[in-house]
Amino acid sequence: MIWWLEFRRVLFRSCEYLPIYFIKQNFGENYVAYYGFCLLLIGKPIGIISYSFSQIFYKRFTENKVVGSYIIKIFGISFALAFIIITFFAIFKNNLSSTFNNWVNSFTIFIPVLIMFLFRFISSCLSSSIYVAGKQKSFFLNELLKLLILFFPLYIFSGNITFVNLVNIYCATSCFVFTLRTFYYLKLINDKRLLFIRN
């Protein structure tokens with residue numbers, strides 16, 4: 001097993017567990033369940049779409065085809081997903097809250113978690129550019145940087161804020177990290193001359 005790949009997996013799991021750890025320490029296991037339920041509602045459907053698009057990108061990268069138009073489509077799809085999900089949530093919020101009465105706290109963090117997953121969706125779709133550019137080791141550095149960026153705001157503010165604000169801080173920091181990654185992936189794509197057709 002390549003060392004950086006194994007460490008990357010450890011760092012990835014650490015980043016995923018980080019908000020759970022701080023939520024459990026500050027608010028208890030019930031709030032961990034609220035957070036997990038919200039992740040399940042939003043993350044699963046977006047994850048399926050993200051995987052499908054990442055496979056399309058990887059195929060086009062390996063065939064040295066220009067992907068600029070596909071990237072534009074990804075941004076369009078992310079906005080469409082946001083509009084559809086937020087509209088659905090706004091229409092059926094009361095019904096959902098009454099149906100999942102014990103999970104009402106999950107809906108208080110719905111919007112920030114949704115926005116985080118949309119940023120993650122864009123970044124994940126472009127992540128296969130790393131393989132084509134031969135920069136696989138940067139996965140390890142990316143996860144390490146993400147862990148550090150996510151840890152310090154949570155560590156500094158935890159204990160003095162509410163559950164909703166803690167999740168907001170985590171989601172905002174995650175969006176910042178995914179934005180940095182997206183620009184990095186776009187740079188790799190541009191360096192391979194696969195972003196747009198050039199004269």
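Structure shown above.
No experiment lies behind these values; they were computed from the predicted model shown.

S.K.: Would you take a moment to explain the packing of aromatic side chains for this structure?
M.R.: What characterises a pair of aromatic rings is the spacing of the ring centres plus the angle enclosed by the ring planes. Within this structure, the stated rule accounts for 10 aromatic pairs. Between Tyr17 and Tyr21 the ring centres are 6.4 Å apart and the planes differ by 45 degrees, which places this aromatic pair in the tilted class. Here the residue Tyr17 and the residue Tyr21 both occupy positions in helix α1 (residues 3-27), the gap between them amounting to four residues, near one helical turn. Residue classification places Tyr17 among the partly exposed positions, given a relative accessible area of 44%. Residue classification places Tyr21 among the partly exposed positions, given a relative accessible area of 37%. Ring plane angle 85 degrees and centroid distance 5.1 Å describe the contact between Tyr31 and Tyr34, whose orientation is recorded as edge-to-face. With a gap of three residues between them, Tyr31 and Tyr34 both fall in helix α2 (residues 29-62), about one helical turn apart. Three or more aromatic residues link up through ring pairs in this structure, and these residues are Tyr17, Tyr21, Phe22, Phe151, Phe152 and Tyr155.

S.K.: Just checking my understanding: could you explain the pattern of salt bridges for this structure?
M.R.: Where charged atoms of side chains with opposite charge meet at close range, the side chains can pair. Tallied over the entire structure, the rule returns two salt bridges. With its nearest N and O atoms 3.8 Å apart, the salt bridge here joins Lys24 to Glu29. Under the relative-accessibility criterion, Lys24 is labelled partly exposed at 39%.

S.K.: For this particular structure, what's the right way to read a nonpolar patch on the surface?
M.R.: Together, Leu144, Leu148, Phe151, Phe152, Tyr155, Ile156 and Phe157 line one region of the surface with nonpolar side chains, adding up to about 680 Å² of accessible area. Classification of Leu148 by relative accessible area gives partly exposed; the value is 43%.

S.K.: In this structure, what is going on with the packing of α2 against helix α5 (residues 110-126)? I would like to understand it.
M.R.: To characterise two packed helices, one gives the angle between the axes of the helices and the distance between these axes. Relative to each other, α2 and α5 sit at 15 degrees, their axes nearing to 8 Å. Classified by the angle between their axes, α2 and α5 sit roughly parallel to one another. In this structure, the crossing between α2 and α5 has a hand that is right-handed. For the pair α2 and α5, the contacting residues are Cys38, Leu39, Ile42, Gly43, Ile46, Ile49, Ser50, Phe53, Ser54, Phe57 and Phe61 in the first and Phe110, Val113, Leu114, Met116, Phe117, Leu118, Phe121, Ser124, Cys125 and Leu126 in the second.

S.K.: Hey, could you run me through the state of the cysteines in this one?
M.R.: Each disulfide consists of a covalent bond between the sulfur atoms of two cysteine residues. Tallied over the full model, the rule gives zero disulfides. The thiol sulfur of Cys38 is not disulfide-bonded, and the nearest other cysteine sulfur, from Cys171, lies at 8.0 Å. For Cys38, a relative accessible area of 1% puts it in the buried group.

S.K.: I'm lost on α5 in this one. Help?
M.R.: Owing to its 3.6 residues per turn, the α-helix aligns residues three or four sequence positions apart on the same side. Under the 1.5 Å per step criterion, the end-to-end length of α5 is 25 Å for 17 residues, consistent within 8% with the ideal 24 Å. Burial analysis of α5 places 13 of its 17 residues in the buried class, which makes it a mostly covered element.

S.K.: Whenever I open this one, the layout of surface pockets confuses me. Can you help?
M.R.: Where empty space is left can be seen by rolling a probe of water-molecule size over the atoms. Its boundaries defined by the atoms lining it, the second largest pocket holds a volume of some 240 Å³. What lines the second largest pocket is a set of 13 residues, and nearest its centre among them are Phe75, Ser78, Leu118, Phe119 and Ile122. Of all the secondary structure elements, the ones that give two or more residues to the lining of the second largest pocket are α3 (68-99), α5 and α8 (163-191). A per-element tally of the lining of the second largest pocket places α8 first, with five residues. Tallied by class, residues from the lining of the second largest pocket come to 10 nonpolar, three polar and no charged.

Rules used in this analysis
Residues numbered from 1 in each chain as written. Predicted model: local features only at pLDDT ≥ 70, side-chain atom pairs only at ≥ 80, totals over all residues. Heavy atoms only, no water. Phe/Tyr/Trp six-rings, centres within 6.5 Å; stacked < 30°, edge-to-face > 60°. Helix = DSSP H or I, 4+ residues; strand = E, 2+ residues; numbered from the N terminus. Buried < 20%, exposed > 50% of the residue type's maximum accessible area, 1.4 Å probe, protein only. Salt bridge = Lys/Arg side-chain N within 4 Å of Asp/Glu carboxyl O. Patch = residues over 30% accessible without salt bridge, like charges linked within 9 Å, V, L, I, M, F, W, Y side chains within 5 Å. Areas by Shrake-Rupley, 256 points an atom, 1.4 Å probe, with all protein chains shown as cover. Axes fitted to C-alpha atoms, helices over the stretch in contact; angles between N-to-C directions. Parallel < 35°, antiparallel > 145°, perpendicular 65-115°, else oblique. Left-handed = near helix turned anticlockwise from the far one by under 90°. Contact = heavy atoms within 4.5 Å. Disulfide = S-S within 2.5 Å. Expected span 1.5 Å × (residues − 1). 1 Å grid on protein atoms, 1.4 Å probe; cavity = no way out; pocket = protein on both sides within 12 Å on 5 of 7 lines; lining within 4 Å. Points joined across faces, edges and corners; volume = space filled by probe spheres on them. Nonpolar A, V, L, I, M, F, W, Y, C, P; charged D, E, K, R; others polar.

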